[in-house]
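Examination of the molecular architecture
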Amino acid sequence: DWVIRDNIFRNIRAPHDGVNPDGIAGAVILMWHGAGGTIVEGNRFIECDMGIQFGNPSGAATDHTGGIIRNNFFYRSGDGDVAISLNRASDALVLHNTIVQNQTFPWTIEYRFQAGNGNPSGTIHANLTDGPIVRRDGADAALSANLTQARPSWFVNAAGADLHLAAGTAAD
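Nothing here was measured: the structure is a model prediction, and the numbers come from that model.

With that out of the way, let us pick up the sheet that holds strand 12 (residues 89-90). Read from one edge of the open sheet, 3 strands run 4-8-12, paired in parallel fashion. Both outer strands of the open sheet, strand 4 (35-36) and strand 12, are each paired with one neighbouring strand and no more.

With that settled, consider the environment of Val28. You can see Val28 is positioned in the loop between strand 2 (8-10) and strand 3 (29-31). Linking Val28 and Ile12, residues 16 residues apart in sequence, is a C-alpha distance of 7.1 Å. Residues within four places of Val28 in sequence aside, it is in contact with Phe9, Ile12, Phe45, Cys48, Met50 and Gly51.

Next up on the list: the pairing of strand 15 (residues 109-112). Neither face of strand 15 is open: one carries Ile109 and Tyr111, the other Glu110 and Arg112, and all of them are buried. Note that strand 11 (residues 84-87) and strand 15 share 4 bridges and pair parallel. Within strand 15, the position partnered with Leu86 by the bridge is Tyr111. Relative to strand 18 (residues 133-136), strand 15 runs parallel, the two being bridged by 4 bridges. Residue pairing in the sheet places Ile109 in a bridge with Ile133 of strand 18.

A few words on the pattern of salt bridges. Scanning all chains against the criterion turns up 6 salt bridges. In this structure, Arg70 engages Glu41 in a salt bridge whose closest nitrogen and oxygen atoms are separated by 2.5 Å. Taken together, the residues Arg70 in strand 9 (residues 68-70) and Glu41 in strand 5 (residues 39-41) connect sequence positions 29 residues apart. One salt bridge in this structure joins Glu110 and Arg136, with 2.9 Å as the shortest N-O distance. In this pair, Glu110 sits in strand 15 while Arg136 sits in strand 18, placing the two residues 26 residues apart along the sequence. Of the residues examined, Arg136 reaches a relative accessible area of 26% and is grouped as partly exposed. Within the structure, one salt-bridge network assembled from shared partners comprises Arg5, Glu41 and Arg70.

Once that is clear, we can look at the side chain of Arg76. Considering the arrangement of structural elements, one finds Arg76 in the loop between strand 10 (73-75) and strand 11. This buried residue, Arg76, is left without a salt bridge; Glu47 holds the nearest opposite charge, at 5.9 Å. Those residues in contact with Arg76 that sit more than four places away from it in its chain are Arg13, Glu47, Cys48, Asp49, Met50, Asp81, Val100, Gln101, Asn102, Thr104 and Phe105.

Rules and cut-offs
- In this numbering scheme, every chain counts its residues from 1 along its sequence in written order.
- Local features in this predicted model are restricted to residues whose pLDDT is 70 or higher, and side-chain atom pairs enter the listing and the counts only when it is 80 or higher, whereas totals over whole chains, interfaces and linings include all residues.
- Just so you know, side-chain values use all the structure's heavy atoms and leave hydrogens and water out.
- In short, DSSP must find at least two bridges between two strands for them to pair.
- Labels follow the DSSP assignment, with helices taken as runs of H or I lasting at least four residues and strands as runs of E lasting at least two, numbered in each case from the N terminus.
- The criterion used for residue contact is that any of the two residues' heavy atoms lie within 4.5 Å.
- Note on classification: 1.4 Å probe, protein chains only; a residue is buried when its accessible area is under 20% of the maximum for its type, exposed when over 50%, partly exposed between these limits.
- Criterion for a salt bridge: a side-chain nitrogen of Lys or Arg within 4 Å of a carboxyl oxygen of Asp or Glu.
- We treat Lys and Arg as the positive residues and Asp and Glu as the negative residues; His and chain ends play no part in the count.

Any functional reading would require information that these geometric values do not contain.
Next up, the structure:
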């Protein structure tokens with residue numbers, strides 16, 4: 001039942017050197033080891049390698065239960081990983097997030113590994129992204145009303161991490 005709200009996370013990146021050969025930092029927010037009921041909302045992730053992760057691919061059969069990821073902004077122009085990841089998570093809600101990664105990773109949201117309790121990863125609804133939402137490793141989730149073709153020009157100032165919609169855009 002952690003609540004992580006109204007923060008700005010900027011430049012959380014791994015060094016690109018021999019210590020970290022992949023050059024990718026883990027998730028800025030990682031909730032796992034049986035966590036549940038987490039609320040992550042109203043945060044801005046600017047030039048971070050990876051954003052929010054509920055559960056861990058190598059974690060327990062059900063590594064996160066419930067919780068909400070909503071109304072977060074993600075902007076990145078440099079290399080990185082996925083913005084939102086559900087891993088062995090069940091019944092999470094991923095709602096109304098805005099993600100502009102400028103094709104720095106092949107997808108923006110992923111849900112992977114079905115939770116051991118048999119419940120779906122959750123509901124992924126009304127997110128605005130500039131890349132696909134991807135199902136991996138046998139997971140299941142309900143997807144609806146997501147728009148995955150966003151363009152930086154749709155926002156007030158995407159490069160400045162102001163991802164409020166500009167008037168007259170396709171998603172306005």
